[in-house]
Each structure stands twice: as structure tokens, then as C-alpha cells.
Amino acid sequence: MQPFDYVKPNSLEEASALLIEHNGDARLMAGMTDLLIRIERGFFHPRLVVDVKALPGMRDLLVVRNGDLRIGAAVTMNEVALSPTARSGWPLLAEGCQSVASYQLRNRATVGGNVCNASPAADSVPALLCYEASVHIFGTDGDRTLPLAEFITGPGRTALQRGELVTAITVPAPARGAAGKFLKLGRTAVGDISVMNVAVLGWPDKATPSGSQWRIALGSVAPTVIRAPEAERILAANTSMAGIEAAAQAASDASRPIDDIRATAAYRRDMVRVLTRRGVEGVLAEIGEQANR
Ligand SMILES: Cc1cc2nc3c(=O)[nH]c(=O)nc-3n(C[C@H](O)[C@H](O)[C@H](O)COP(=O)(O)OP(=O)(O)OC[C@H]3O[C@@H](n4cnc5c(N)ncnc54)[C@H](O)[C@@H]3O)c2cc1C
């Protein structure tokens, strides 16, 4: 592996200045579970690796004044998966984080790294898209915030500009009575990268014909994690068996999977239909249970 220097700055300004000074030769690291493999395999050749973990706010996991969950970019998957706050308020996200690899890996892998890596198989991203999370960015021109849906621009690509780094992700509180399901298919029962996954979030809403609102996100079936807006619309109109089947088919139609070493495109498309249906049925059951309490 090509040798590189390592630096752990204490201020955002210093981290940003290092990225600019080493123009293209520096890379940010958090848990380094993705980065190390890319360096080792020769995809990246950084001369300098800039550790973000000591930067202010990077390790914060807290509910802020408006009720959003703020996740510092270096908060680990285990910190979210095991957090009572995340588990009770944002259980879909806790489920997504819990599904990542192994306990040991989740102790290093961060939500920020997962988002910045911009893999279509990133397991925290479907839940974050369902909750309509935002990404906070620091750069020499100051702070800016982008919806996650605009931050990830392609496989391995983000909207980050020169000298910019992600400081946090904020996740709005879900609507009252919301329930979620994250269903992940790997080649093994646990510990594998997603062959495909589905996140489903639903909540009661008397203003819609079905009495509920929905968000559905699909992982590993398109160049980026995607929402399935037509499936969401169908469910807002109708959650009968026929409505659920039509929504599951619409989600499958929205997917644009490829054949690769993990699965064929046809299998993935089929599994989107099956897991979307299962997810919606699970959420409906939970919403019904909550209403009866
Ligand atoms: C064995 C194994 C199994 C895995 N299984 C899964 C799985 O089941 N599900 C899954 O989703 N992923 C999985 N992964 C991938 C990886 O663990 C996750 O994507 C993880 O969340 C990455 O976080 P990290 O902190 O290690 O990121 P890093 O490797 O440190 O960084 C990832 C990328 O983000 C950039 N970056 C990091 N922090 C910032 C920042 N603050 N601002 C801007 N850019 C930044 C880095 O430069 C790099 O390009 C697996 C990886 C391995 C090695």
C-alpha cells in the first residue's frame, strides 16, 4: 500500500485549509472502513489523510431545539443503533445502522462516512432519505446545508466542493404515530453489504384517502439510493391489498438495478416488490397497533 501522512486537526478551519493546501492529494477519514480498502486496492492515492474525529461537534448525537436529531459526522453506527434516543424517536435509522456489517465494524464505521462514501448500498441512507435528512457542510466560504437527496449526486459522488467537509446530519422528527421498517437482503443473513434493501416509513394522516402518508427508499437498485414516489402516492390513496400490491410493483418499476457479483438485476427487481410489500404490511400493522393502544 502506498504510504501516506496522517494528521488529526482540532479545528474545522485547519481541516479545510489542509484539503485546499494538498489540493486533491488529501482525503478525509472518519472510521476509515471504506477509505482504507480503497487506498489498499489502489483506487485512491492520498499523500495525506485528515482525521475528522477530533473536530468540534463531530461526535455529538443529540436532539436540538427544534426536535431534529443532530448526528455529528463522526458518530459511529453503533452509537446510533444503541442510542435510546435514536431507537425511540428514529427507529428506522437505528435499524439501518444496526444492519451494517458486524459489531466490531459498527464501532468504527460512521454515519458521516457512510453518507460521504455515496454507495448505492449504504445502509443508513434509505432511512435518512425517508426522514428527509439534511447534510451540514463546512468550507472556506462558510457553512451550508443541503437536503441529503441533493448531497449524493452519483455512485461515489457528492456535492462537496474543494476544501469542504461534512460536519453533521440532521434528521427531522417523524410525524406523530410514524412507524418504519428496514428490510435488507444480503448474501448472508447478517454482516453482508446489501444485495438490495428497502426502507418504509408510514404515519397516520386523515387528510389522505387512505388515512396515511408514506415514504419509501430503495438501496442497491440504482446508481444512488432512490425514493419511490409513485409507490408513496399509491399508498396515500389506497392501502387495501390491491393498493399494497400496486405500490410494491411501482417500487419495483422505479428501480434500475444491474447484474453484478451479488445478484442479477431481475432478482433485485423482484425482491424490491416482495420486500416493499412486506415493509408496508409491517408498518400498517404497527400503525394499527398504536391506534388501538
Ligand atoms: C467488511 C466491511 C463490511 C461492510 N458492510 C457494510 C454494510 O453492511 N452496510 C454499509 O452501509 N456499509 C458497509 N461497509 C462500508 C463502510 O463500513 C460504511 O460505508 C461506513 O459507514 C463508512 O464509514 P467510515 O467512518 O469508516 O468512513 P471512511 O472510510 O472514513 O470514509 C468514507 C468516505 O467518506 C469520506 N469522508 C469521511 N468523513 C467525511 C467528512 N466528515 N466529510 C467529507 N467526507 C468524509 C472519506 O474521505 C471517504 O471517501 C462495510 C465495509 C467493510 C470493510
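Residues numbered from 1 in each chain as written. Predicted model: local features only at pLDDT ≥ 70, side-chain atom pairs only at ≥ 80, totals over all residues. Heavy atoms only, no water.

*Asks:* Describe the domain arrangement of the protein, with residues and values.
*Replies:* Assigned domains within the protein: domain 1 (5-51), domain 2 (61-171) and domain 3 (179-292). When each unit is reduced to the centre of its C-alpha atoms, the spacing between domain 1 and domain 3 is 36 Å. (Domains from an automatic or database assignment.)

*Asks:* Hey, could you go over the pattern of salt bridges for me, with residue numbers and the actual values?
*Replies:* This model, assessed by the stated rule, comprises 14 salt bridges. Two residues, E164 and R144, come together in a salt bridge whose shortest N-O distance is 2.7 Å. Linking E164 in the loop between β9 (157-158) and β10 (165-171) with R144 in strand β7 (residues 142-147), this pair joins segments that are 20 residues apart in sequence. Judged by its relative accessible area of 11%, E164 falls in the buried class. (Salt bridge = Lys/Arg side-chain N within 4 Å of Asp/Glu carboxyl O. Helix = DSSP H or I, 4+ residues; strand = E, 2+ residues; numbered from the N terminus. Buried < 20%, exposed > 50% of the residue type's maximum accessible area, 1.4 Å probe, protein only.)

*Asks:* An account of the sheet that holds strand β13 (residues 212-219) is requested, with residue identities and associated values reported.
*Replies:* With respect to topology, 4 strands assemble into an open sheet ordered β11-β12-β13-β14, the strand pairing being antiparallel. Each having just a single partner strand, β11 (179-185) and β14 (226-227) make up the two edges of the open sheet. Here β11 pairs with strand β12 (residues 196-204) via 7 bridges, running antiparallel. Each residue of the ladder has a partner; that of F182, found in β12, is A199. Contacts from helix α5 (residues 91-98) reach β11 and β12 within the one sheet, and its direction differs from that of β11 by about 20°. (Pairing = 2+ DSSP bridges. Contact = heavy atoms within 4.5 Å. Axes fitted to C-alpha atoms, helices over the stretch in contact; angles between N-to-C directions.)

*Asks:* Just give me the short version of the sheet that holds strand β3 (residues 48-51), but keep the residues and values in it.
*Replies:* Across the sheet, 3 strands lie side by side as β1-β3-β2; this open sheet has parallel pairing. The open sheet terminates on both sides in strands that have one partner only, identified here as β1 (5-7) and β2 (26-29). Looking at each pair of strands side by side, their axes are set apart by 25° on average, direction ignored. Where β1 and β3 come together, 3 bridges link them in parallel fashion. Looking across to β3, one finds that Y6 is bridged to V49.

*Asks:* Explain the site of the ligand to me, and be specific about the residues and the numbers.
*Replies:* For the ligand, the set of nearby residues contains 32 residues, the closest of which are L28, T33, D34, T110 and D123. At a separation of 2.6 Å, an oxygen atom of the ligand approaches a polar side-chain atom of T33. When the ligand sits alone it has 980 Å² of accessible area, and the protein chains cover 89% of it. Among the elements of the structure, β2, α2 (35-40), α7 (111-117) and β10 are those that each provide at least two residues to the shell around the ligand. It is α7 that contributes the most residues to the shell around the ligand, 4 residues altogether. Considering only residue class, the shell around the ligand consists of 19 nonpolar, 7 polar and 6 charged. (Near = heavy atom within 4 Å. Polar contact = N/O pair within 3.5 Å; in protein donor to acceptor, adjacent residues only side chain to side chain. Areas by Shrake-Rupley, 256 points an atom, 1.4 Å probe, with all protein chains shown as cover. Nonpolar A, V, L, I, M, F, W, Y, C, P; charged D, E, K, R; others polar.)

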